[in-house]
Amino acid sequence: MKVYYIWRDKKEIKMKRSRKRKKNKTLSRSKKGLIILIIITVLLCVVTILKKQEQSKEYTENKSDYIDSVKPDIDVELLTPNEYSRPGIATNKITGIVVHYTANPGATAMNNYFEGLKDSHITKASSNFVVGLEGEIVQCVPTWEIAYASNSRNIDTVSIECCHPDETGIFNKKTYQSMVDLCAWLCLKFDLDENDVIRHYDVTGKICPKYFVENEDAWRKFKSDIGTKLKKLEEYQ
């Protein structure tokens, strides 16, 4: 009888050990499966976040009949695609508007300096818009393409080059009003406000636009005028 009990005890021990091993294997597989599931979930979350971040950087603009109806008079004279003034590189989401001055007293909005760079190769320069001495607005580069104007901010801003009659850099009334109207409309188009309007100076420290750099009160007044115009546009939206 002792031999039988010993044999039975050994068998039960073996069975318990076997069940324990199976249970451990099952737990081990469950743990591995859970770890894999967690890793996959984390990876999916990371991919989703990266996609959203990428989408948030993509160019978008507000479109509506109202926005079209309040658009200032713009003469679209797009530059010929070329590597010196219109490289055709897509912009990111527009986060600002950069104001410049031509630094060339008496120059008009319709001069062909930017267009001529495709042949002269003197430098790389352009602007999305140019505002002339008569208040005329000329678009040279689409807002969804970069213009060579604002250095590190080319990729996420719209640039406006503004003509001035003399060395002081002061803009005349017609030019000034068109600058205000264009900036306010672009703010409406890209979900911006007057605080998103900056000077070339604010990007690089260059004295541009000269009058607004040397006269901070005039710059603050300009931004205030944009804000006032924008509020009027938004009231009727």
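Calculation criteria
- In every chain, residue numbers begin from 1 and rise along the written sequence.
- It should be noted that, the model being predicted, local features are given only for residues of pLDDT at least 70 and side-chain atom pairs only at 80 or more, the latter also being counted only at that level, while totals for whole chains, interfaces and linings use all residues.
- Hydrogens and waters are ignored; side-chain quantities use all the structure's heavy atoms.
- Only DSSP runs of H or I reaching four residues or more are called helices, and only runs of E reaching two or more are called strands; each is numbered from the N terminus.
- Residue exposure (1.4 Å probe, protein chains only): buried if accessible area is under 20% of the type maximum, exposed if over 50%, otherwise partly exposed.
- Between two residues, a contact is recorded if the distance between any of their heavy atoms is within 4.5 Å.
- The Shrake-Rupley method, run with a 1.4 Å probe sphere, supplies the accessible areas, and residue values consider only the shown protein chains as cover.
- The rule for pairing is simple: two strands pair if DSSP sees at least two bridges between them.
- Angles run from 0 to 180 degrees between N-to-C directions of axes, and those axes are lines fitted to C-alpha atoms, restricted for helices to the stretch in contact.

Caption draft 1: Here's a closer look at the overall build of the chain. The helix and strand inventory of the chain stands at seven helices and six strands. Secondary structure of the chain in N-to-C order comes out as α-α-β-β-α-β-β-β-α-β-α-α-α. Expressed as a percentage of its 237 residues, the buried residues of the chain come to 38%. Of the contacts formed within the chain by residues at least 6 apart in sequence, a portion of 76% connects residues at least 24 apart. Surface exposure of the chain reaches about 14,500 Å², of which carbon and sulfur atoms provide 55%.

Caption draft 2: Quick peek at the sheet that holds strand β6 (residues 197-199). Taken in spatial order, the six strands line up as β1-β4-β3-β5-β2-β6 in an open sheet, and their pairing is mixed. Strands with a single pairing partner mark the edges of an open sheet, and in this sheet they are β1 (74-76) and β6. Each neighbouring strand pair of the sheet contributes to a mean axis angle of 25°, computed without reference to strand direction. Summarising the sheet, strand β3 (residues 129-131) and strand β5 (residues 157-162) pair through three bridges and their orientation is parallel. Bridge pairing in β5 links V130 to E161.

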